[in-house]
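The chain contents come next:
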Amino acid sequence: MIWSATQHYADFQSQVAGITGHDDFTDDDMQRVTDFLIQVVLKGCGVRSSPAP
C-alpha cells in the first residue's frame, strides 16, 4: 500500500499537479499528501487517534 501510493505520485506527478491547478507540487501539497497517506495507512492497520483533550 505504501509503495503503490508513493509510486502513484511519482509516476503521475504531472497529472496530479494538473488536477490541483499547479505546475508542480508545492511544499503544502506534499504535506497534504503525506498527512493523507499516513491517515489511510494507520486507519487500515486499525490505529485510531485519541480524542483531543
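Residues numbered from 1 in each chain as written. Predicted model: local features only at pLDDT ≥ 70, side-chain atom pairs only at ≥ 80, totals over all residues. Heavy atoms only, no water.

**Here we look at the overall build of the chain**
To keep things clear, this is the line we draw: Runs of H or I in DSSP of at least four residues are treated as helices and runs of E of at least two as strands, each being numbered from the N terminus. In this setup the radius of gyration rests on C-alpha atoms only. A globule is expected at 2.2 Å times the number of residues raised to 0.38. Calculation of accessible area relied on Shrake-Rupley with a 1.4 Å probe; when residues are assessed, cover is drawn exclusively from the protein chains displayed.
Looking only at helices and strands, the chain features 3 helices and 0 strands. Going from the N terminus to the C terminus, the chain shows its helices and strands as α-α-α. Taken against the 2.2 N^0.38 rule, which gives 10 Å for 53 residues, the C-alpha radius of gyration of the chain at 13 Å runs more than 25% over that of a compact globule. Here the C-alpha coordinates of the chain stretch approximately 40 × 25 × 15 Å along the principal axes. For the chain, the accessible surface area stands at approximately 4500 Å², while carbon and sulfur atoms represent 59% of it.

**What about the side chain of Asp 29?**
Our working rule: Only protein chains enter the area calculation, which uses a 1.4 Å probe; residues under 20% of their type maximum are buried, those over 50% are exposed, and those in between are partly exposed. In the analysis that follows, any N or O atom pair within 3.5 Å is treated as a polar contact, provided that within protein one partner can donate a hydrogen and the other can accept it, and provided that, for residues neighboring in sequence, both atoms belong to side chains. Working rule for contacts: check all heavy atoms of both residues, and any pair within 4.5 Å makes them a contact.
Looking at where Asp 29 falls in the secondary structure, it is placed in helix α3 (residues 27–44). Of the residues examined, Asp 29 reaches a relative accessible area of 5% and is grouped as buried. Among the polar contacts listed, one links the side chain of Asp 29 to the backbone nitrogen of Thr 26, at a separation of 3.0 Å. Setting aside its immediate chain neighbours within four residues, Asp 29 contacts Thr 20, His 22 and Asp 24.

**Some words on the pattern of salt bridges**
Put simply, the test is: One side-chain nitrogen of Lys or Arg within 4 Å of one carboxyl oxygen of Asp or Glu is enough to make a salt bridge.
Taken as a whole and judged by the stated rule, the model has 1 salt bridge. The partner of Arg 32 in a salt bridge is Asp 29, with the nearest N and O atoms 2.6 Å apart. In this pair, Arg 32 and Asp 29 both sit in helix α3, 3 residues apart, roughly one turn of the helix.

**Quick notes on the environment of Asp 23**
In this structure, Asp 23 sits in the loop between α2 (13–20) and α3. For the pair formed by Asp 23 and Gln 13, sequence separation is 10 residues and the distance between their alpha carbons is 9.6 Å.

**Notes on the environment of Ile 2**
The residue Ile 2 is located in helix α1 (residues 2–11) in this model. A sequence separation of 35 residues divides Ile 2 from Leu 37, and the C-alpha atoms of the two residues are 7.8 Å apart.

**Describing the confidence of the model for the chain**
Our working rule: Scored between 0 and 100, pLDDT is the confidence that the predictor attaches to each residue.
Chain-level statistics for the chain give a pLDDT mean of 82 and a share of 94% at 70 or above. The least confident element of the chain, judged by mean pLDDT, is α2 at 78; the most confident is α3 at 88.

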